[in-house]
Amino acid sequence: MNSKNIQGIEVPEIGLGTFKLIGASGEQVLKSALSMGYRHIDTAQDYQNEKMVGQALKHAHIDREDLFLTTKIDRFNLEPARLLASMEESLLSLQVEYVDLLLIHWPRNDIQIKKTLEAMFTLKEQGRTLNIGVSNFPLALVKEVVQDLGAQIFCNQVEYHAMLGQFDLLDFAVENDLLITAYSPLAQGHILKNPLLVEIGEKYGKTSAQIALRWLVEQEQVVAIPKSTSVSHLQENINIYDFELQDDDFYAIDELEKSLRIVNPPFAPKWD
């Protein structure tokens, strides 16, 4: 598994997103992924599956330092006292002493982001998380965090795939050595029948999903966390390292229409 070096830290390029993975079936998916070599696992308080993730990690018997584990603070837990208490619950559920990355899941206008970040940095000082970051933050909010508040964050996790552009965020990430974690990197299946991706896949003997993931990880600062419930797709998603996209193919994907946003709840911020 290849990795990206961000701020001196290695992050596996392909991780497993666990949204909607729950119960025994979810635990089995996670165990299968870990046995294949997945070492980057993404969960969240809002997914209500941290206990399941913790059980799977415990039974996998993988050295903790070999895992990159992310969880996210629910938008209702951003007030400092609630954040600190909820993080203790998350660590107990995950059965770990720390996470590698702790994110604000969604921004909120009625909560002072400075206070939230201060609580998160307290957790970092305590060793409860090694890095902190944000999720679903458009460029204006990321600039507020990094430039206006001077917060040394590690990551912005956003929806990013071949049919939704995040190029301004990427430019900022490169300038500031920030990780961009692409969730829903396959647009929840919408890209699988895209004619261009299918055509390019035939050229390399790969699926459209593999082409879409390869396009993402060939970009600076970008890792991807596709979710899958089948063993074959888990294997397919990491089997993208025996080829490279030629420039013409890479830039052709760049030129696809980039307006398909899948995740857009009522409380979402104003997108770029």
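Structure: see above.
## Notes on the packing of aromatic side chains
- Considering all chains together, one arrives at 7 aromatic pairs under this definition.
- Arranged with centres 5.3 Å apart and planes meeting at 90°, the rings of W106 and F267 form a pair that is edge-to-face. Here W106 is found in the loop between β6 (101–104) and α4 (113–125), whereas its partner F267 is found in the segment after α10 (247–254), with 161 residues between them in sequence.
- By relative accessible area, which is 8% here, W106 ends up buried.
- Pairing W106 with W271 gives two aromatic rings, centres 6.1 Å apart and planes at 65°, and the pair type is edge-to-face. With W106 in the loop between β6 and α4 and W271 in the segment after α10, this residue pair connects regions lying 165 residues apart in the sequence.

## A few points about the pairing of strand β5 (residues 68–73)
- Along β5, 6 of the 6 residues are buried, which leaves the element largely enclosed by surrounding structure.
- Residues F68, T70 and K72 of β5 are buried on one face, and the alternating residues L69, T71 and I73, pointing to the opposite face, are buried as well.
- The sheet contact formed by strand β4 (residues 40–42) and β5 spans 3 bridges and is parallel. Bridge assignment links D42 to a residue of β5, and that residue is T70.
- Where the polypeptide runs from β4 across helix α2 (residues 50–60) and back to β5, its parallel neighbour, the crossover connection is right-handed.
- The pairing of β5 with β6 spans 4 bridges and is parallel. The residue of β6 that forms the bridge with I73 is I104.
- As a crossover connection, the stretch from β5 through helix α3 (residues 80–94) into β6 is right-handed.

What counts and what doesn't
Counting restarts for each chain: residues are numbered from 1 in the order of the written sequence. Local features in a predicted model are, by the rule used here, given only for residues with pLDDT of at least 70; side-chain atom pairs are given and counted only at 80 or more, and totals for whole chains, interfaces and linings are based on all residues. Note that the side-chain values use all heavy atoms of the structure and ignore hydrogens as well as water. The criterion for an aromatic pair is that two Phe, Tyr or Trp rings (for Trp, the six-membered ring) have centres within 6.5 Å, with stacked assigned to planes under 30 degrees apart, edge-to-face to planes over 60 apart and tilted to the rest. For the purposes of this entry, the term helix denotes a DSSP run of H or I that reaches at least four residues, the term strand denotes a run of E that reaches at least two, and both are numbered from the N terminus. Accessibility here uses a 1.4 Å probe with only protein chains present; expressed as a share of the type maximum, an area under 20% marks a residue as buried, one over 50% as exposed, and anything in between as partly exposed. Paired strands, as defined in this entry, are two strands with at least two bridges between them according to DSSP. The handedness rule is simple: strands pointing away from the viewer, and a clockwise path from the first strand over the helix to the second, make the crossover right-handed.

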